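Okay, here's what each chain looks like letter by letter:
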Amino acid sequence: MPETICLALTGASGMPYGIRLLECLLAAGRRVQLLYSQVAQVVAEQEMGLHLPSRASEASALLAQRFAGLPGELQVYGREQWFAPVASGSNPPDAMVICPCTLGTLAAVAQGLASTLIERAADVVLKEGRKLIVVPRETPLSTIHLENMLRLARAGAVILPPNPGFYHHPQRVEDLVDFVVARILDRLHVAHALMPRWGDGVAGSG
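Residues numbered from 1 in each chain as written. Predicted model: local features only at pLDDT ≥ 70, side-chain atom pairs only at ≥ 80, totals over all residues. Heavy atoms only, no water.

**Student:** Run through the overall build of the protein chain, naming residues and quoting values.
**Tutor:** Of the regular secondary structure elements, the protein chain holds seven helices and six strands. The order of helices and strands in the protein chain, counted from the N terminus, is β-α-β-α-α-β-β-α-α-β-α-β-α. In terms of C-alpha radius of gyration, the protein chain reaches 16 Å, essentially the compact-globule figure of 17 Å for 206 residues. For the protein chain, the spread of C-alpha atoms along the three principal axes comes to 50 × 45 × 35 Å. (Helix = DSSP H or I, 4+ residues; strand = E, 2+ residues; numbered from the N terminus. Rg over C-alpha atoms; globule rule 2.2 N^0.38 Å.)

**Student:** Give a description of the layout of surface pockets that names residues and reports values.
**Tutor:** Roughly 240 Å³ of volume is contained in the largest pocket. Ser37, Gln38, Arg79, Thr116 and Ile118 are, among the 19 residues lining the largest pocket, the residues nearest its centre. Of all the elements in the fold, those that place two or more residues in the lining of the largest pocket are strand 2 (31–36), helix 2 (38–48) and helix 5 (117–127). The greatest single-element share of the lining of the largest pocket, amounting to three residues, is contributed by helix 5. Reported here for the second largest pocket is a volume of approximately 190 Å³. Around the second largest pocket sit Pro16, Ile19, Arg20, Glu23, Met48, Arg66, Phe67, Arg172, Val173, Glu174, Val177 and Asp178, which together line it. For the lining of the second largest pocket, the secondary-structure elements that each account for two or more residues are helix 1 (15–27) and helix 7 (173–188). (1 Å grid on protein atoms, 1.4 Å probe; cavity = no way out; pocket = protein on both sides within 12 Å on 5 of 7 lines; lining within 4 Å. Points joined across faces, edges and corners; volume = space filled by probe spheres on them.)

**Student:** Explain unusual backbone geometry to me, and be specific about the residues and the numbers.
**Tutor:** That bond from Cys99 to Pro100 is cis: its omega, -5°, falls within 30 degrees of zero. Tracing the sequence through the fold places Pro100 in strand 4 (residues 95–101). With an omega of -5°, the peptide bond running from Thr139 to Pro140 counts as cis. With respect to the helices and strands, the residue Pro140 is situated in the loop between strand 5 (131–136) and helix 6 (143–154).

**Student:** Which residues make up the pattern of salt bridges, and what are the values?
**Tutor:** As enumerated under the stated definition, the model contains 11 salt bridges in all. A salt bridge links Lys127 to Glu128; the nearest nitrogen and oxygen atoms lie 2.7 Å apart. Since its relative accessible area comes to 49%, Lys127 is described here as partly exposed. Residue Glu128 is classed as partly exposed on the basis of its relative accessible area of 33%. What emerges from the salt-bridge pattern is a single network uniting Arg20, Glu23 and Asp178. (Salt bridge = Lys/Arg side-chain N within 4 Å of Asp/Glu carboxyl O. Buried < 20%, exposed > 50% of the residue type's maximum accessible area, 1.4 Å probe, protein only.)

**Student:** Before we move on, could you go through the pairing of strand 2 and cite the residues and values that matter?
**Tutor:** Of all six residues making up strand 2, six are buried, and the element is well covered by its neighbours. Going residue by residue along strand 2, you find Arg31, Gln33 and Leu35 tucked away on one face and Val32, Leu34 and Tyr36 tucked away on the opposite face as well. By the bridge criterion, six bridges tie strand 1 (residues 4–9) to strand 2 in an arrangement that is parallel. Across the sheet, residue Thr4 finds its bridge partner in strand 2, namely Arg31. Handedness of the crossover is the feature at issue here: the chain leaves strand 1, passes through helix 1, returns alongside strand 2, and the resulting connection is right-handed. By the bridge criterion, four bridges tie strand 2 to strand 3 (residues 73–76) in an arrangement that is parallel. Counterpart to Arg31 in the pairing with strand 3 is Glu73. (Pairing = 2+ DSSP bridges. Right-handed = clockwise from strand over helix to strand, strands pointing away.)

Here you go:
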């Protein structure tokens, strides 16, 4: 069985990170359980011209066409699909990534709320001792935001803000996106070749 990664897209800016991560996970042969919020649909349309249908079956067909030929397996679940495997500790994913992650979602997960399928999936991953990676794209951060991040980090989550480096001399926006996605893949132990690693022909200071 391939490793299963739950990927949740929420309504923060930074949708290119999430969609590129989805592509890379499928290219690496992973099974991806995809969840997305209603606001994530709006952000995907605005930032990428990507129309994510509300029906999971339609979104699955659209994304299967977009990523045709990749060896991974994609399962898309609707917001009210409470019988999805991610909703139960009896069938948790191996890891979960919320990318991009709104600070509202981060706060809800930090407080143990589970009013949405995304929040419930994150709660399951934490309580079952699996890896949770949150990618919050917001600045500046208030004390409330920082305290919520600290609370999640103490619970075992990885807080991975999408802060790209420049020592690899990016030439395109896509290079900056790949820098962040590479860091996420590293934490998931998913092999990739998105960019040279430090010391492998990359000059500069980190």
